[in-house]
Amino acid sequence: MYCQENSKDLHLWGVPEIEALFENDPKIREYEKDIRKRYAIYEKTKMAIEQSEGFDRFTQGFKEFGVFVTPEGGVMCKEWIPNARAVYLSGDFNNWEKWSYQRKEHGKWQMYIHPNTDGSCRIQHLSELKLFIETEQQQTVQRISPWATYVVGGEKDEIFKWMFWNPPRSQVFFSTNNRPQKPIRLRIYEAHIGISSDRCEVASYRQFTENVLPRVNDLGYNCVLLMAIMEHSVYSSMGSQSSHFYACSSRFGTPEDLKQLVNVAHGMGITVIMDVVHHQASSNVNDGLNMFDGTRGCYFKDDEYMYPETDDAVRECHQRNDFKRFDLTKWEVLRFLLSNFRYYMDEFRMDGFRFNGVHNMIYHDQGADRQYANDYSTYFGAYVDTQSMAYMMLANDILHRYYSNIITIAEDKTEMPSLCRPLREGGLGFDYKLGLSVPNKWMKLLDEKRDEDWNMGFIFHAMIKKRPGEKVISLPESRKESMLGKKTLISKLMGEEICQNMSDMSPLTPTIDRGLSLHKMIRLMTHSLAGDSYMNFIGNEFGHPDFLQFPSPHNNDSYHYARRRFELCDDEQLRFKYLKRFDQALNQTEEKYGWLASAPAYVSRRHDGDKVFVYERAGLLFLFNFHPCNSYPNYRVGIQHSGIYKIILDTDNRYFGGHDRNHSDVELQTQALQHDDRQHSFVVYLPSRCAMVMSALNNSKVAFQDFDGSPTEIITSKYDVAPAQW
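Residues numbered from 1 in each chain as written. Predicted model: local features only at pLDDT ≥ 70, side-chain atom pairs only at ≥ 80, totals over all residues. Heavy atoms only, no water.

A. Region of the structure containing the overall build of the protein chain. Scanning the protein chain for helices and strands turns up 15 helices and 30 strands. Relative to the globule expectation of 27 Å for 726 residues, the C-alpha radius of gyration of the protein chain, 28 Å, shows essentially globular dimensions. The C-alpha extent of the protein chain, read off along each of the three principal axes, is 85 × 60 × 45 Å. Every one of the 726 residues in the protein chain was classed for burial, and the buried ones make up 61%. Partitioning the intrachain contacts of the protein chain with sequence separation of at least 6 by distance along the chain shows that 74% fall at a separation of at least 24. Of the roughly 28,000 Å² that the protein chain leaves accessible, carbon and sulfur atoms contribute 46%. Counting 85 positive and 97 negative side-chain charges, the protein chain places the centres of these two groups 2 Å from one another. (Helix = DSSP H or I, 4+ residues; strand = E, 2+ residues; numbered from the N terminus. Rg over C-alpha atoms; globule rule 2.2 N^0.38 Å. Buried < 20%, exposed > 50% of the residue type's maximum accessible area, 1.4 Å probe, protein only. Contact = heavy atoms within 4.5 Å. Areas by Shrake-Rupley, 256 points an atom, 1.4 Å probe, with all protein chains shown as cover. Lys, Arg positive; Asp, Glu negative; His and termini not counted. Charge placed at Lys NZ, Arg CZ, Asp CG, Glu CD.)

Below, the structure is given as structure tokens:
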């Protein structure tokens, strides 16, 4: 960046509201110099941009760089190639002659191609293009423009081809729907376009628009997070090895197809967020950014000189990984990356971004083996990449400055404090961060403890542990648990029986019954207690039975496990439908009562012996009995406000594959008896492995839902009272 990290007096730089940061989290005060230092780098870089070019122009580099059509039909060609001694453009349009660029200052090269005599563009739509670069070392290399907006190929040993994207007006998609208002709480459906079909294929933007968006809408999600949109060299990387940052992946269709997807989502009131991967890039040379001008540097840090002041372990950590890291100290690299956000906001009308792998940027060692820590010394000091943190501050500044409804999410496995605090306090300015510790805790519990040994205190701390004053998106299981070699929540709960006993025509086994019950209970608690928003990975809402494995030589390039089998939850004879129904009801209930945007829950009971967990949030009472066999008649629970209470959501409802041990029409009157430090209480029946949500009849938001199911459903196992083995 403009300001180097080792500049003097950075730790003395003024931060407008730094005291507010310390008041919110007093433990940060000890690292005040670090906060001031990163803020200084951010501010000095911002001032340099404003004074030289202005923020608006600088962050719209896609309007000046690359190869694009001008309003009069000409073609402007401009690149930053600092190590070049000559640059040429060649392609179908000129029979592969080499048309020469002119050298400009600061390593830039430029050429203008006049329109045809009739005013039409000389480069036809979908013409193949190439850059030929003569380096200072007198080598000639072929490259694709870093600003290319459409590339094709890239599978197996085939390199990408740069195709000029300039469709005729009849093929251009024009948006018809306005962006939705920024949701005050997010219910996110995380999806990968390629795996979103139930067929053994790479699904398309159009298929997702026609088949998956209606499903997302019906399930009650108000946001879809799209992975792997930027073109990437390896399909199985799920977008983590981006090679062409301005080209949406052609594996799934055309840019116009993606625009239509976003437009249709907006018409449904669904916000669209996409993954952005700026912490690394593909190491491909011929069709990537690596060695773009013939040197190891250019856009990236030169591995040999990346970390002169850190130990060999850090340096080796990067050298053994097959990716490149951007050099954020370079002016044109900043332009390239910051403009990348605005390109997708303006061209595709995205609503926000998840910053993938923030921990890979924050730390020189990529956050290796780091997790949530109460010792803040792990978050500051020599191993923290202050330049990268200042870059993320710049990105959040730009996005929130030009787009009032923008949503930015940080994916950070280390729980770095101040990620979601305002820039004026010295925070990094994100709106949300992913609560990645929650799914890890659920998996740990399932792996290491028998059900009867579950510790309610462990669950309590797992659910409520977060940095003060920072919004968290909770998730019951992460996408990484779906990958080959790992196990999803449903796989851990049901094991091999998920492939054998999920038919409603077969007897309900103890394993399947346990799995259905705990899957619903875990998702309900995570949704209502652990965060300020919620996220689900595609297919997990109905307990997708298969792991995720992309085609490779190891599986004979099979797509069998690179898909989502939606037909399972749509089949009325399979029990997957119960989990889908509950997921839908869960989102609908949150939509009506809004617990995600309410104050944090008050946990009144977490009883280890009974395995009972009780809390209040958004005027609702949440009751959980995790005990595998004990049901409790006349169980007293505390509640702060008096009234008549009724069940509004019950995991044991027959419609959700339960046993109907609770009666939804029962109304319970509170008594003026204090219990669990609450002013009122009542007694309730708590069946084993069951959770329910109750609301007072005088709650203005009450709209009781009757999940009775349809006449076609088949229930083979119903009990008025659960037998002892349950």
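Anyway, onward from the coordinates.
B. Looking closely at the nonpolar core. Counting residues in each nonpolar core, the largest one holds 195 residues, and the members touching the most others are Y299 and F326. Membership of the second largest hydrophobic core comes to 17 residues, among which are V612, L668, F682 and V684. (Core = buried A, V, L, I, M, F, W, Y, C linked by side-chain atoms within 4.5 Å.)

C. Region of the structure containing the pattern of salt bridges. In this structure the tally under the stated criterion is 56 salt bridges. We note a salt bridge from R354 to D275, for which the minimum N-O separation is 2.6 Å. You can see R354 sitting in strand β18 (residues 352-355) and its partner D275 sitting in strand β15 (residues 271-276), a full 79 residues away along the chain. What makes R354 buried here is its relative accessible area of 0%. (Salt bridge = Lys/Arg side-chain N within 4 Å of Asp/Glu carboxyl O.)

D. Region of interest: the sheet that holds strand β23 (residues 602-607). If you trace the six strands from one edge of the open sheet to the other, you get β23-β24-β25-β30-β27-β28, paired in antiparallel fashion. Of all strands in the sheet, those with a lone pairing partner are β23 and β28 (667-669), marking the two edges. Ignoring which end each strand starts from, the neighbouring axes of this sheet average 25 degrees apart. Bridge count between β23 and strand β24 (residues 612-617): five bridges; the pairing is antiparallel. Pairing of R606 across the sheet is with F613, part of β24. (Pairing = 2+ DSSP bridges. Axes fitted to C-alpha atoms, helices over the stretch in contact; angles between N-to-C directions.)

E. Broad picture of the packing of aromatic side chains. Per the counting criterion, the structure on display carries 42 aromatic pairs. Aromatic pair F93 and W99: ring centres 5.1 Å apart, planes at 85 degrees, arrangement edge-to-face. Among the residues examined, F93 registers a relative accessible area of 16% and is labelled buried. Since its relative accessible area comes to 22%, W99 is described here as partly exposed. For the pair F292 and Y299, a centre-to-centre distance of 6.1 Å together with 70 degrees between the ring planes defines the contact as edge-to-face. Like F292, the residue Y299 is buried in the burial classification. One cation-aromatic arrangement involves R606 over F460; the distance from NZ or CZ to the ring centre is 4.1 Å. Between R678 and the ring centre of Y602, over which it is positioned, the NZ or CZ distance is 3.8 Å. (Phe/Tyr/Trp six-rings, centres within 6.5 Å; stacked < 30°, edge-to-face > 60°. Lys NZ or Arg CZ within 6 Å of the ring centre and 35° of its normal.)

F. Examining the sheet that holds strand β2 (residues 75-80) more closely. As summarised here, the arrangement of the four strands in space is β1-β2-β6-β5, forming an open sheet in which the pairing is antiparallel. The open sheet terminates on both sides in strands that have one partner only, identified here as β1 (66-69) and β5 (102-103). One ladder, built from six bridges, connects β2 with strand β6 (residues 108-113); its direction is antiparallel. Paired with W80 across the bridge in β6 is K108.

G. Structural context of helix α4 (residues 205-219). Between its first and last C-alpha, α4 extends 20 Å over 15 residues, near the 21 Å set by a 1.5 Å rise per residue. Residues of α4 that are buried in the fold lie against β11 (187-192), β12 (223-227), β14 (242-248), α5 (255-267), α14 (567-570) and α15 (576-593). The positive-phi residue at the C-terminal boundary of α4 is G220, with phi of around 95 degrees. (Expected span 1.5 Å × (residues − 1).)

H. Focus on the packing of helix α7 (residues 331-347) against helix α9 (residues 386-402). At a closest axis distance of 11 Å, the pairing of α7 and α9 adopts a crossing angle of 35 degrees. Crossing of α7 against α9: the hand is right-handed. On α9, the residues touching L334, L337, L338, F341, R342 and M345 of α7 are Y391, L394, A395, I398, L399 and Y402. Counted by class, the contact of α7 with α9 contains eleven nonpolar, no polar and one charged residues. (Left-handed = near helix turned anticlockwise from the far one by under 90°. Nonpolar A, V, L, I, M, F, W, Y, C, P; charged D, E, K, R; others polar.)

I. Spatial organisation of the side chain of Q207. Mapping Q207 onto the fold places it in helix α4. Exposure remark for Q207: the relative accessible area of 16% places this residue in the buried category. Among the polar contacts made by the side chain of Q207, one reaches the side chain of E201 at a distance of 2.9 Å. In terms of polar contacts, Q207 uses its side chain to reach the backbone amide nitrogen of S204, at 2.8 Å. Contacts of Q207, omitting those with residues within four sequence positions, involve R199, E201, V202 and V212. (Polar contact = N/O pair within 3.5 Å; in protein donor to acceptor, adjacent residues only side chain to side chain.)

J. Highlighting the pairing of β24. Counted residue by residue, β24 has six buried out of six residues, so it is predominantly covered. In β24, alternate side chains face the same way, and those of V612, V614 and E616 on one face and F613, Y615 and R617 on the other are all buried. Pairing geometry for β24 and strand β25 (residues 620-625), over six bridges, is antiparallel. Bridge pairing in β25 links F613 to F624.

Shape descriptors only; they carry no functional weight alone.
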